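# Notes for the structure review
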2 protein chains.
Amino acid sequence: MDIQLKRGLLDVCVLAAIKNEDSYGYKIIKDVKPYVELSESTLYTILKRLERANMLSVHTAEHEGRLRKYYHITSAGLNRIEEFKNEWKEMLSIYKFITKEDIQNEQTRVS
Amino acid sequence: MDIQLKRGLLDVCVLAAIKNEDSYGYKIIKDVKPYVELSESTLYTILKRLERANMLSVHTAEHEGRLRKYYHITSAGLNRIEEFKNEWKEMLSIYKFITKEDIQNEQTRVS
DNA sequence: GTATAATACATCGTAACACGAAGTATATAA
DNA sequence: TTATATACTTCGTGTTACGATGTATTATAC
């Protein structure tokens, strides 16, 4: 998928991945990858950005002797997802503009 | 609309705006603006990029004593639009991933 | 008559972003 | 012992959208 098209989707995908239950980097990648390709460097950049924007909170916990950073969605994060749903409506109208057919056999001259 | 979300859409919007008939900068902006906000500097950057990628060709013509640069879509440009339609399917699956409810809420929903 | 808006195109600098590359560290399976 | 899976981090780079700014002509309003 085109990189540019992914932008704006990735942040919300990560939020969606932790929406139902707290998750951690490695798991988020596995959950999101079937839908969008997402590298580790990209993911951790996104997590930092979302944390800075207070869309998620972080807590470190031990899991089988190893430390894991768990990410928890905040109300701002949930709001972002809702906002995205509205933006999707705009996306749909843009999609229609792009895919709409012309009225055939009109004059091709530019007036 | 979120800037990041617009990326990847803008190029295809511009291609769509010249798909049916050759157009020029000022007109493209007017045609696209009802759907996506698009500034002049952004448009001309995009036009240059699309020209470099051979997705459109340019010819200058006089219109009422003034020079205009007309942009004409190429087969590569038309292919890009078709490609976008396929990418849109991926977008849809991502959208579903983002908006899918958790199992608890799923049960209360009408199928 | 002249000020102002509309038309039309162009360039520069900047901040945001995705991502490959590289690194650190532990646990488990071959 | 080696390789793979798990888990997180940082750096550098190229792409991009856009505000600011500039140039020029034509049409309209005052």
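Just above, that's the structure.
Here we summarise the structure given alongside this text. Predicted, not measured: the structure shown is a model, and the values here were computed from it. (Residues numbered from 1 in each chain as written. Chains lettered and ligands numbered in written order. Predicted model: local features only at pLDDT ≥ 70, side-chain atom pairs only at ≥ 80, totals over all residues. Heavy atoms only, no water.)

## Regarding the overall build of chain A
Short version of the rule: Working definition: helices are DSSP H or I runs of at least four residues, strands are E runs of at least two. Numbering for both runs from the N terminus. Each radius of gyration is computed over the set of C-alpha atoms, and the globule rule expresses the reference value as 2.2 Å times the number of residues to the power 0.38. In what follows, residue pairs with any heavy atoms lying within 4.5 Å of each other are defined as contacts.
Regarding its fold elements, chain A presents five helices and three strands. Taking 13 Å as the expected radius of gyration for a compact globule of 111 residues, we find that chain A reaches 19 Å, considerably beyond that expectation. For chain A, the C-alpha atoms occupy an extent of roughly 75 × 25 × 20 Å along the three principal directions. Here the contacts in chain A between residues at least 6 apart in sequence split such that 48% fall between residues at least 24 apart.

## Notes on the nonpolar core
Soluble globular proteins: nonpolar side chains tend toward being buried together. Filter applied, for reference: Here, the term nonpolar core denotes a set of buried Ala, Val, Leu, Ile, Met, Phe, Trp, Tyr and Cys residues that are joined through side-chain atoms within 4.5 Å. Think of it in three bands: with a 1.4 Å probe and only protein chains considered, a residue is buried below 20% of the maximum accessible area for its type, exposed above 50%, and partly exposed in between.
Counting 60 residues, the largest nonpolar core has I28, V32 and I98 of chain A together with I28, V32 and I98 of chain B as the members making the most contacts within it. When neighbours within four sequence positions are excluded, I28 of chain A is seen to be in contact with V14, A17, I18, S23, L43, L47 and Y71 of chain A.

## As for the pairing of strand β2 (residues 56-63) of chain B
Residues and elements named next belong to chain B. Here is the rule: Two strands qualify as a pair provided DSSP detects at least 2 bridges between them.
Looking at chain direction, β2 and strand β3 (residues 66-73) are connected through eight bridges and run antiparallel. In the strand pairing of β3, L56 is matched with I73. The hairpin formed by β2 and β3 contains two residues between the paired strands, and E64 there has a positive phi angle of roughly 50°.

## Looking at the packing of helix α2 (residues 10-17) of chain B against helix α5 (residues 75-99) of chain B
Residue and element names in this part refer to chain B. The line we're drawing: Note on geometry: axes are lines fitted to C-alpha atoms, helical ones only across the stretch in contact, with angles between N-to-C directions running from 0 to 180 degrees. Any angle from 65 to 115 degrees is called roughly perpendicular, while one under 35 is roughly parallel, one over 145 is roughly antiparallel, and all others are oblique. For any helix crossing, the convention is left-handed if the near helix is rotated counterclockwise from the far helix by under a right angle, and right-handed if that rotation is clockwise. In the scheme used here, Gly and all other residues not listed as nonpolar or charged are polar, with Ala, Val, Leu, Ile, Met, Phe, Trp, Tyr, Cys and Pro taken as nonpolar and Asp, Glu, Lys and Arg as charged.
Two numbers describe how α2 lies on α5: the axes approach to 10 Å, and their chain directions differ by 125°. Classified by the angle their axes make, α2 and α5 are oblique. Between α2 and α5 lies a crossing of left-handed hand. Contacts from V12, L15 and A16 in α2 reach G77, R80, I81 and F84 in α5. A per-class count over the contact of α2 with α5 returns five nonpolar, one polar and one charged.

## Digging into the protein's contact with DNA strand D
The condition is simple: Whether a residue is near a molecule or strand is decided by its heavy atoms; if any one of them lies within 4 Å of it, the residue is near. Polar contacts here mean pairs of N or O atoms no more than 3.5 Å apart (in protein, one a potential hydrogen donor and the other a potential acceptor; neighbouring residues in sequence count only if both atoms are side-chain atoms).
In the neighbourhood of DNA strand D, 22 residues make up the surrounding shell, with E40, Y44 and R68 of chain A together with K6 and R49 of chain B lying closest. Protein-proximal atoms of DNA strand D, defined as those within 4 Å of the protein, fall in sugar or phosphate at a share of 68%. At a separation of 3.0 Å, a phosphate oxygen of DNA strand D approaches a polar side-chain atom of Y44 of chain A. In the environment of DNA strand D, a phosphate oxygen lies 2.7 Å from a nitrogen or oxygen atom belonging to the side chain of K48 of chain A. For the surface near DNA strand D, the elements supplying multiple residues, two or more each, are α3 (25-32), α4 (40-52) and β3 (66-73) of chain A together with α1 (3-6) and α4 (40-52) of chain B. For the surface near DNA strand D, the class distribution of residues is six nonpolar, six polar and 10 charged.

## Topic: the relation of the copies chain A and chain B
This is how it is decided: Least squares is used to superpose the copies, and the fit set is the C-alpha atoms of residues whose pLDDT is at least 70 in both copies.
The two copies are related by a screw motion: chain A maps onto chain B through a turn of 180° and a shift of 0.0 Å along the axis, at an RMSD of 0.0 Å. Taken together, the rotation and translation describe the operation of a two-fold axis. Residue by residue, 88% of the interface of chain A is reproduced at the interface of chain B, so both copies engage with the same surface.

## Quick notes on the pairing of β3 of chain B
Sheet topology note: the strand β1 (residues 23-24) of chain B/β3 of chain B ladder contains two bridges and is antiparallel. Opposite Y24 of chain B, over in β3 of chain B, you have Y70 of chain B as the bridge partner.

## Section: the sheet that holds strand β2 (residues 56-63) of chain A
Read from one edge to the other, the open sheet built from three strands follows the order β1-β3-β2 (chain A), with strand pairing classed as antiparallel. Whereas interior strands pair on both sides, the edge strands pair on one side only; in this sheet they are β1 (23-24) and β2 of chain A.

## Let's talk about the pattern of salt bridges
Defined as follows: Salt bridges are defined as contacts in which a side-chain nitrogen from Lys or Arg sits within 4 Å of a carboxyl oxygen from Asp or Glu.
By the definition in use, this model includes 13 salt bridges over all chains. The salt bridge involving R49 of chain A is made with D11 of chain A; its shortest N-O contact spans 2.8 Å. With a gap of 38 residues between them, R49 of chain A in helix α4 and D11 of chain A in helix α2 (residues 10-17) connect regions that are remote in the sequence. For D11 of chain A, a relative accessible area of 18% gives the class buried. A salt bridge links K33 of chain A to E37 of chain A; the nearest nitrogen and oxygen atoms lie 3.8 Å apart. Salt bridges sharing common partners tie together D2 of chain A together with R80, E83 and E87 of chain B.

## Section: the layout of surface pockets
A water-sized probe rolled over the atoms picks out the places where empty space is left. All names here are of chain A. Which entries qualify depends on this criterion: Cavities and pockets were defined on a 1 Å grid built over protein atoms only: a cavity is a set of grid points that admits a 1.4 Å probe from which the probe cannot escape, a pocket is an open set flanked by protein on both sides within 12 Å along at least five of seven lines, and lining residues are those with an atom within 4 Å of any such point. Grid points are joined across faces, edges and corners, and a volume is the space filled by probe spheres set on the points.
One number sums up the size of the second largest pocket: a volume of about 350 Å³. If you list the elements that add at least two residues to the lining of the second largest pocket, you get α1 (3-6), α2 and α4. With five residues, α4 is the single largest residue contributor to the lining of the second largest pocket.

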